[in-house]
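# Residue-level structural notes
Here are the chains, one letter per residue:
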Amino acid sequence: MSTHADLRPPTRPEEAVESRSLLADIWAAVSTEEFAGRVLVTATVTLAVGWLGVKEAVGAVIASQVLTEAVQNFVRRRRWTLRRIWLVTLLLLLLQFVQRAWAAISGRFGRTREGARTAPPTGWRGAAIMSSAVAAVTVAAITVPELAIGHSLVGDRDTTFFSTDQQALALSLPHPDTAEATGRTGARVTYSATANRGVVRCEPPSGSVFPFGMSTVQCAVRAGDERQVGTFTVLVADREEPQLRVPSRIEREILGTSATITFAATARDRVDGRTTVQCSPESGAAYRLGPTMVRCSARDSHGNNASKSFVVDLKRLPAGSPIFSLPGNRNAEATGPTGATVTYSVSAKDRDGRSLSVNCLPRSGSLFAIGTQRVTCSASVPGGETKQESFDLTVRDTTKPTVTVPTSVSVEADSKDGAIVSYSFSASDLVSGDVPVRCEPASGTRLSIGSHSVTCTASDAAGNEAQSAFQASVFDGKPTVIVPADITLRYATPSGSAVKYPASATDRLDGRLRPDCSPRSGSVFPLGPTTVTCSATDSGGNSASKSFTITIVDRIAPVLSLPADFTWWAPSGSKTDVVTFKASADDAIDRSVAVRCKPPSGSHFVVGKTRTVFCSATDRSGNTARGSFRIKVEEPVE
């Protein structure tokens, strides 16, 4: 298996198809055991009757239908194959031909049981014609009536053409198989489950990603009142060993008897990705003169082993030859789409340990493209040879993209099914730049009420994959309570005023709600401000409240009771006299209210003058009533 497993059931000859033509239906019926059995029954009855004419043969064909079911049951119990049925049928038809040919030759062909004679053809030609007629009548008697009745049902999967007895509903499932894992999540497996009638539905469906281990697939088919259920198993396993890469061979010339040798050995697994490689002797170890076999192995998390070997061959440097100190095969991480600027250190010495000038291409500090490039270095020994050595420098992209997602997303549900949740995301990579992002569930998906984990995945051109997750919440919002603005009214009675006010509430999921207000609308509100609080609770238990103030005010001033203008008679000879009077005030709320007059009662008034007295009364609400009257002070006339 490559990227998916393909499980196919064995082909069934009776398997129904979705749509068939008339000729296809005829061929499908003729190629079944049922049709062959009917022909066998007809041929048997015709042979048993003996010397018959065409009319008698037709009667025998019709009568043979009574025995069809019994013969079909016999064939099924004996498990006769289609080939065997047709062989027996042809043998019977051949016996009919021989019988009729013998009857024609002997002169007895055409005699009826009453002794009457017909005028049939004679000789072997007559026998052939009669046998062909019997065979034709047999086929016509079986096919034509059912063709006329049944072809209107063409295309119905639940109808078997040319059959008065439908086949039993049969479900064909794949055999258990093992699929090779293609990633950390398992493998995408396709399979085929069919039935001779009806539509097959399986869970998990074909094409699903199956996890590691054994999974059971349950399939069901229904046709009319019949129902079949079956299961099969799919095993997803990792049986593929890692891809191990090691050097082909390393040859070096050294001065002493040993040298430190470094090399690169890597392994990658389809499921685990990069896999640890162990080599013996390991890279960076001291290798002695002569060939040394290096054995490397890698083992994935499911126990699959890969191993390779190569030879490190160290030879003594001959006189006049330079010896290089190379960094060995190196790996560098790409810093952009053009690769990476890589520096390295290379040196060379002669046999006596003197340093030599080394030239390398590409030079240290050059821009190396992504991939593997060979760096070739050369050095010359004065009076000796010029030698070249090389090493591989690989620029690779192993840096994962950076996926940017929201910290969280919260959306209020707009129906009982939740809400459509949209969010923004992006991903960038040092090498690939902006890379596409796949989020599950995708932005714009309708999510149910609750918290959902959204995972966004991005892959760069090198196959480095990065993921980032966040929570997307769909919440059932609080109801909206609508109350009037603050209300100010004059009192209606000393106890206050009855006030009716509108209040309503709506919820995005539940629609209109009836708020509960305190004090209720229509209550008698006392003088002064009263806070009214209305609250509503939706079916999800979310509550909201809102308040306003109803103020009953007293804006009616008290009623002053003042005396009318009057004349005060002072004693004779008096220049002033103390004048008294009564002034009162009555308020609907405060009842009796104090009255202040200027000048007040009991003041000295000048005799012979008229003075105006100004009075006022203020209730507790600050309403003030004002009034005045005049008092004239005079001496009595003698």
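The following paragraphs examine the structure supplied in this document. The structure presented is a predicted model; accordingly, all values stated were derived computationally and were not measured.

A separate point is the overall build of the protein chain. Helix and strand counts for the protein chain stand at six helices and 54 strands. Considering the protein chain as a whole, with its 638 residues, one finds that 37% of them fall into the buried category. Once local pairs closer than 6 in sequence are excluded, the contacts in the protein chain between residues at least 24 apart make up 59%. About 36,100 Å² of surface is accessible on the protein chain, with carbon and sulfur atoms providing 52% of the total.

On to the state of the cysteines. Tallied over the full model, the rule gives six disulfides. Residue pairing for Cys279: its cysteine sulfur links by disulfide to Cys296, the two sulfurs lying 2.0 Å apart. Across the S-S bond of Cys279 and Cys296 the torsion is about 110 degrees, and the bridge reads as right-handed. One end of the pair, Cys279, is in strand S15 (residues 277–280); the other, Cys296, is in strand S17 (residues 290–299), and 17 residues separate them in sequence. Judged by its relative accessible area of 17%, Cys279 is buried. The exposure class of Cys296 is buried, given its relative accessible area of 2%. Paired by a disulfide, Cys360 and Cys377 hold their sulfur atoms 2.0 Å apart. With the S-S bond torsion at 110 degrees, the cross-link from Cys360 to Cys377 turns out right-handed. Of this pair, Cys360 sits in strand S24 (residues 358–361) while Cys377 sits in strand S26 (residues 371–380), placing them 17 residues apart in sequence. On the accessibility criterion, Cys360 (10% relative accessible area) is buried. The class for Cys377 is buried, based on a relative accessible area of 0%.

Scoring rules and cut-offs
- Residues numbered from 1 in each chain as written.
- Predicted model: local features only at pLDDT ≥ 70, side-chain atom pairs only at ≥ 80, totals over all residues.
- Heavy atoms only, no water.
- Helix = DSSP H or I, 4+ residues; strand = E, 2+ residues; numbered from the N terminus.
- Buried < 20%, exposed > 50% of the residue type's maximum accessible area, 1.4 Å probe, protein only.
- Contact = heavy atoms within 4.5 Å.
- Areas by Shrake-Rupley, 256 points an atom, 1.4 Å probe, with all protein chains shown as cover.
- Disulfide = S-S within 2.5 Å.

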